[in-house]
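Chain and residue survey
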Amino acid sequence: MINKKVLAIILGGGQGTRLFPLTEKRSKPAVSIAGKYRLVDIPISNCIHCDIKRMFVLTQFNSASLNRHIKNTYIFSSFSDAFVDVLAAEQTPDNKTWYQGTADAVRQSIHHLLNHEFEYALILSGDQLYKMDFNEMLDAHINKEADISIATLPVKSKEATAFGILKTDEQSFISSFIEKPSFDKLPGWESEVSDEMKNENREYLASMGIYIFNRQLLIDILSNPNRVDFGKEIIPESIDKHKVLAYQYEGYWTDIGNVAAFYEANISLTDDVPKFDLFSESSSVLTRPRILPPSKITGTILNKSMIAEGCIINAKEIERSVIGIRSRIGKNTIIKNTYMIGSNSYEDINELENNRANDVPSVGVGERCFINNTIIDKDARIGDDVTINGGSNLEDTEQDLYVIKDGIVVIKSRSIIPNNFNL
């Protein structure tokens, strides 16, 4: 089944500077998560589980990796109307600029969108981690005869200053909006929430950046080229002009906008009962099917860790870490609190022997290493007897081989960390 009332538009985001260096060679939606998925798999999977199978992904920075992933992953029947297409920013005779904001991205792409029939546009972010039934939000939108609906998340006062905060009336329509209020302005901005949310002191409704627009209204609003952003301009200005509904979501949601949030989202997957459930059959995260062998692990103590397919691990200990596809880890190595993204391909026996002969580390982590509080990006080479111990004592810095942000060491993709390196 395909819900033909809805067309999904997934925003790829800007240059992703806060996620650098993970976005140095790829767009934000193409960044790997949980060792085997890409961030873009999250909104796409949510849509597919809701029978919303016509999707555009809008991007303009480093889109080659994202395009390749989508092309190799989301393949539908030739007799189906389903598709997931990437729309990279393009200059035309009528428009010679890059995307200036979220609304401008949709405006510049709208001639592609209007080639399809739909009644409602579902606008999503490509860098958030959550599971949501969009059909419930759509039902609320239709039943309340709303013009625009915004997904909202109850948050605590200490979190509210980082979001656009909404105030609703008794019908859940938004009556006022304030963008990232200071702490002293929060009193009076509380909204009606469930008893469970009240018990957690989550009484402020934050915009999640997930919207439903009626088709014609979206066309009309985007006809004004001076309004370039949904969250900062179009939504606040629409509250007094249109029926803007707040749809309250109370599940797990996190915005993966920076390195610290990305790191925590991945490491928290190793909890006994993680808030983001990867093991649900009804709401599984879909991704590219790879033909990889099972992981092979020898002499390793594993604790609170996730190991993806195709790994060859001889480590001494791995604790509270996520090890991505095709990872190799040498003997007597200890890895803690680390996300190792993995590799794009294997090195064969000849390549491994050639590496040893030329004293070049192989792809992966060598022997007798200690790695802690670290993100190791794809295809990095870490030699033997290396110590990388991230922590709050380290100052933020950017080097050729690595970046440190908020105490987290990020080893850049394809970096070569020599033997005996110590950080």
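The structure this text deals with has already been given above.
The rules we used
Residues numbered from 1 in each chain as written. Predicted model: local features only at pLDDT ≥ 70, side-chain atom pairs only at ≥ 80, totals over all residues. Heavy atoms only, no water. Helix = DSSP H or I, 4+ residues; strand = E, 2+ residues; numbered from the N terminus. Rg over C-alpha atoms; globule rule 2.2 N^0.38 Å. Buried < 20%, exposed > 50% of the residue type's maximum accessible area, 1.4 Å probe, protein only. Contact = heavy atoms within 4.5 Å. Areas by Shrake-Rupley, 256 points an atom, 1.4 Å probe, with all protein chains shown as cover. Salt bridge = Lys/Arg side-chain N within 4 Å of Asp/Glu carboxyl O. Arc of directions from axis to C-beta. 1 Å grid on protein atoms, 1.4 Å probe; cavity = no way out; pocket = protein on both sides within 12 Å on 5 of 7 lines; lining within 4 Å. Points joined across faces, edges and corners; volume = space filled by probe spheres on them. Nonpolar A, V, L, I, M, F, W, Y, C, P; charged D, E, K, R; others polar. Core = buried A, V, L, I, M, F, W, Y, C linked by side-chain atoms within 4.5 Å. Polar contact = N/O pair within 3.5 Å; in protein donor to acceptor, adjacent residues only side chain to side chain. Pairing = 2+ DSSP bridges.

Attention now goes to the overall build of the chain. Of regular secondary structure, the chain possesses ten helices and 29 strands. Taken over C-alpha atoms, the radius of gyration comes to 23 Å for the chain, in line with the 22 Å a tight globule of 423 residues would show. Viewed in the frame of its principal axes, the chain has a C-alpha envelope of about 70 × 50 × 40 Å. Relative to its 423 residues, the chain shows a buried fraction of 54%. For the chain, long-range pairs separated by at least 24 residues make up 64% of all intrachain contacts whose partners lie at least 6 apart in sequence. If you sum the accessible surface of the chain, you get close to 19400 Å²; carbon and sulfur atoms cover 46% of it.

A word on unusual backbone geometry. Note the cis peptide between Phe20 and Pro21, where omega equals 10°. Residue position: Pro21 is located in the loop between β1 (6–11) and β2 (32–33). Even without being glycine, Arg414 reaches a positive phi, approximately 65°. Examined against the element boundaries, Arg414 turns out to sit in the loop between β28 (408–411) and β29 (416–417). Arg414 sits in the exposed class, given a relative accessible area of 54%.

Here we take up the environment of Asp240. By the element assignment, Asp240 lies in the loop between α8 (230–238) and β12 (244–248). Take Asp240: its relative accessible area is 72%, and that puts it in the exposed class. Separated by 162 residues in sequence, Asp240 and Ser78 have C-alpha atoms that sit 45 Å apart.

The next thing to look at is the pattern of salt bridges. Inspection of every chain in the model, using the stated rule, returns 16 salt bridges. For Glu237, the salt bridge is made with Arg227, and the minimal N-O distance between the two is 2.7 Å. Here Glu237 is found in helix α8, whereas its partner Arg227 is found in the loop between α7 (215–222) and α8, with ten residues between them in sequence. Across the pair Asp379 and Arg414 runs a salt bridge whose closest N-O atoms are separated by 3.8 Å. Of the two residues, Asp379 is situated in the loop between β23 (370–376) and β24 (381–382) and Arg414 in the loop between β28 and β29; the sequence distance between them amounts to 35 residues. For Asp379, a relative accessible area of 8% corresponds to the buried category.

Among the residues of α7, those classed as buried are Leu217, Leu218, Ile221 and Leu222. Looking straight down α7, one finds its buried side chains confined to an arc of 125°; they lie on one side. Those residues of α7 hidden inside the fold are in contact with α3 (102–113), β6 (120–125), β8 (148–155), β11 (204–214) and α8.

Now for the layout of surface pockets. Its volume calculated, the second largest pocket comes out at about 560 Å³. As for the second largest pocket, its lining consists of 23 residues, of which Arg356, Ser362, Gly366, Glu367 and Asp384 are closest to the centre. Counting residues per element, the ones that place at least two in the lining of the second largest pocket are β20 (328–329), α10 (349–357) and β22 (364–365). Broken down by element, the lining of the second largest pocket gets its largest block of residues, four residues, from α10. Partitioning the lining of the second largest pocket into residue classes produces nine nonpolar, eight polar and six charged.

Moving on, we come to the nonpolar core. Core analysis: the largest hydrophobic core is formed by 68 residues, its most contacted members being Leu122, Tyr130, Met132, Phe134, Ile165, Ile210 and Ile375. Those residues in contact with Tyr130 that sit more than four places away from it in its chain are Ile42, Pro43, Asn46, Leu124, Ile210, Tyr249, Tyr252, Trp253 and Phe276. One finds Leu7, Leu87, Ile123 and Ala246 within the second-largest nonpolar core, a separate group that totals 32 residues.

Following the sequence through the fold, Asn419 ends up in the segment after β29. Here the side chain of Asn419 touches Asp384 through a polar contact of 2.8 Å, landing on its backbone nitrogen.

In terms of burial, strand β9 (residues 164–168) is a largely internal element, four of the five residues being buried. Bridging between β9 and strand β10 (residues 174–179) involves five bridges; their strand directions are antiparallel. Bridging across to β10, Ile165 finds its partner in Ile178. The loop that links β9 with its antiparallel partner β10 comprises five residues; one of these, Ser172, has a positive phi angle of about 70°. Bridge count between β9 and β11: two bridges; the pairing is antiparallel. Opposite Leu166, over in β11, you have Leu205 as the bridge partner.

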